[in-house]
Amino acid sequence: MSVSRWGDRVVPYPADLVREYRTGGLWGTRTIADEFRAVAAAHPDRDAVVALDGRLTFRELDEGSDRLAAGLAGLGLAPGDPVLFQVTNRLGAVLAWYGVLKAGLVPVCTLAAHRGHEIGGISRRVGAVAHLVEAGTGSFDLVAFAAEQQRGHPTLRHVLVLGDPDGAGVAIETLGAGIDPAVARRCVAEIQRGIDPDEVAVFQLSGGTTGVPKVIPRLHAEYWYNAAAYARSWGWTPATRVAHLIPIIHNAGIECAVHAPHSVGAGLVLGSADLAESLPLMAMEKATHVLLGHAHYRAFADPRFPAAAAALTQVILSGAKVPTALFDDLERRGLWSGQLFGMGEGMFLTTPPGSPRQARATTVGTPLSPRDEIRVVEPGGEAEVPDGQVGELICRGPYTLRGYFDAPDVNRTAFTADGFYRTGDLATIHTIDGGRYVSIEGRIKDLISRGGEKISAEEVEWLLLRHPRITATAVVAMPDPRLGERTCAYLVVEGEPLTLDDIRAHLAGLQVAKFKWPEHIEHLAEIPRTSVGKTDKKRLQAQIAAQVEAAGGVL
Ligand code: AMP
């Protein structure tokens, strides 16, 4: 085990398990950059990425990211330095991903939608050294934002820009363009030789249940293993074409759409949430596999979907309970469908080819790895509940984190004494045709899942309480036909009622990402409490759900 630059801020996997994972052939001995390099050398002329704004073969992606890495090293960025990523689904984002990894830097997976509240906190926590943003993202100028974030932030020395930096940073796509490919390759090889595969490769962010976003350290060997095991679970080959319309910087994007196809020499067909551009791309590029969340279910009703699905052999649904009618409809159309449960913290479950239809329709399947361990226990406790009953899913294994970054207090409650991670998700184990499959039955963690984007209720409550006239609040999920859930805030205020515009202005003033802003508010004289004095969220959630239903589905 390496001596990490992060010291005790990263909780290591137990050394005996690391040895077993390695001798068992689960964990490799290479960094992610070297794993990618080996695959690129084996499949140089295959498409690595086909995006809406261009395409790259493995050779082109490999050479381009070598040059970029050499350019980053030339800027004085050193191995281990964290780089904030605020990018969307563009070709350059994938190039930048591998370029940053090849330079030995550590991508921090923030979102393009994050603002000062999120970026300020996270970048200081990890000591970010560079901030990669995308130019031309519409109404919000991320480049100017990055320049502003540097102020009073001594570690944040570089603004890197995808697209035209307009004088405010370094254009990343052309960085290192003049460097001889062989020189760039040697530079990357030298950097990678110095990196331990058990070191932190990537910082992912947790959906978070507390007021403070949690940082998930992912290590080279386990992160690549997670992706490779995912590709194996679906039986992918170099001929597979993986379409992805969800943000690639999410854990599901990086693992399921970038690393997993690349682990087998398969291609990524990179679309966006805009079906008008993404469905024709899928059709043209003959996508064979697609992963869709609740927010994309409308794709199935789109008149362009049949052409997009012409070559599909696998449709994977994730993020929320799958409606039976939807599953039946897909299978009736001849589209083999399955499910995925995944989390930035690690654990993945899938319904691989060969799973019984009932398991694919009603469960998220089985864990990826033979060394994964899952238990369903009394919520918050450790006593297992019998199969068939609902309890909290806890898990441990060769790619599930052992601790959040620099968070000893959180870690004390987020894990059991023997290192199982408490997912906060409610699950049941079913026996189907002799196999044990897991269904997800809800969650106990206090968050809202808005189109797959997780929002911590506690964080929003804490931000609302900073309003001078809000004296108490409870934030809950309200059902939404398109996004699955949206945020509703119950408020107790002093004086006149507040409007939604007042709330928006307050949160904009605090520089909070827009997707976290409540989309509906209700005023109360007081917040209802349970018999033990806790906010009665169940009651409030039921109340708003009934209101939504009475209003015909949307408020
Ligand atoms: P993230 O780390 O943002 O990918 O979020 C992980 C969380 O998303 C899980 O803990 C679950 O709450 C939720 N989730 C992921 N997949 C599913 C699924 N198939 N069904 C229900 N919830 C899911």
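Every chain is numbered on its own, with residues counted from 1 as its sequence reads. Whole-chain, interface and lining totals are the exception, using all residues; otherwise, since this is a predicted model, local features are given only for residues with pLDDT of at least 70 and side-chain atom pairs are given and counted only at 80 or more. Side-chain descriptors were evaluated using all non-hydrogen atoms of the structure, hydrogens and water having been removed beforehand.

Our focus in this paragraph is the site of the ligand. Taken together, 13 residues are adjacent to the ligand, and Leu 340, Met 343, Gly 344, Asp 425 and Lys 445 come closest. The contact in question runs from an oxygen atom of the ligand to an N or O atom on the backbone of Gly 344, over 2.8 Å. Distance and chemistry together define a polar contact, namely a pair of N or O atoms within 3.5 Å, with one atom able to donate a hydrogen and the other to accept it when in protein, and with adjacent residues in sequence counting only for side-chain atoms on both sides. At 2.7 Å, a side-chain N or O of Lys 445 approaches an oxygen atom of the ligand. Taken by itself the ligand offers 500 Å² of open surface, and the protein chains cover 84% of this. The helix and strand labels rest on DSSP assignments: H or I over at least four residues marks a helix, E over at least two residues marks a strand, and numbering proceeds from the N terminus. With four residues, strand β14 (residues 337–343) is the single largest residue contributor to the shell around the ligand. Side-chain classes are defined by residue name, with Ala, Val, Leu, Ile, Met, Phe, Trp, Tyr, Cys and Pro counting as nonpolar, Asp, Glu, Lys and Arg as charged, and the others, Gly among them, as polar. Along the lines of polarity and charge, the residues of the shell around the ligand split into six nonpolar, four polar and three charged. Only a single heavy atom is needed: when it lies within 4 Å of a molecule or strand, its residue is near that molecule or strand. Areas reported here follow the Shrake-Rupley algorithm with a probe of radius 1.4 Å; residue values treat only the protein chains shown as occluding.

Bringing the packing of helix α3 (residues 58–74) against helix α7 (residues 181–193) into the picture now. Only the stretch in contact is used when fitting a helix axis, every axis being a line fitted to C-alpha atoms; angles between N-to-C directions are given from 0 to 180 degrees. Across the interface, α3 lies against α7 with an axial gap of 8 Å and an inter-helix angle of 70 degrees. Taken together, the axis directions place α3 and α7 in an arrangement best described as roughly perpendicular. The interaxial crossing formed by α3 with α7 has left-handed handedness. Side by side, α3 and α7 meet where Asp 66, Arg 67, Ala 69, Ala 70 and Ala 73 of the first sit next to Pro 181, Ala 184, Arg 185, Cys 187, Val 188 and Ile 191 of the second. When grouped by side-chain class, the residues that make up the contact of α3 with α7 number eight nonpolar, no polar and three charged. Should an angle fall under 35 degrees it is taken as roughly parallel, and over 145 as roughly antiparallel, whereas 65 to 115 is taken as roughly perpendicular and any remaining angle as oblique. Rotating anticlockwise by less than a right angle from the far helix to the near helix defines a left-handed crossing, while the corresponding clockwise rotation defines a right-handed one. Residues are treated as being in contact if the distance between any of their heavy atoms lies within 4.5 Å.

Paired strands, as defined in this entry, are two strands with at least two bridges between them according to DSSP. Spatial strand order, β17-β18-β19-β20: four strands in an open sheet with antiparallel pairing. Among the strands making up the open sheet, the edge pair consists of β17 (373–377) and β20 (435–443). Strand after strand, the sheet turns through a mean of 50 degrees between neighbouring axes, direction not considered. The sheet contact formed by β17 and strand β18 (residues 391–396) spans five bridges and is antiparallel. Opposite Val 377, over in β18, you have Glu 392 as the bridge partner.

This brings us to the domain arrangement of the protein. By domain assignment, the protein separates into domain 1 (1–6 + 32–46 + 58–218), domain 2 (356–445) and domain 3 (447–550). Across the contact, 11 residues belong to domain 1 and eight residues belong to domain 2. When the two sides are added together, the surface that domain 1 and domain 2 hide from each other amounts to roughly 790 Å², 73% of it contributed by carbon and sulfur. Every case where a carboxyl oxygen of Asp or Glu lies within 4 Å of a side-chain nitrogen of Lys or Arg is listed as a salt bridge. Between the two partners, domain 1 and domain 2, sit zero salt bridges. There are two residue pairs in polar contact (both at pLDDT 80 or more) connecting domain 1 and domain 2. Secondary structure elements with two or more residues in the side of domain 1 that touches domain 2: α5 (116–126) and β9 (215–219). No other element matches β9, which puts four residues into the side of domain 1 that touches domain 2. Considering only residue class, the side of domain 1 that touches domain 2 consists of six nonpolar, two polar and three charged. Domain borders in the structure are assigned automatically or taken from a domain database. Throughout, buried area stands for the accessible area (probe radius 1.4 Å) lost by two parts on being put together, summed over both.

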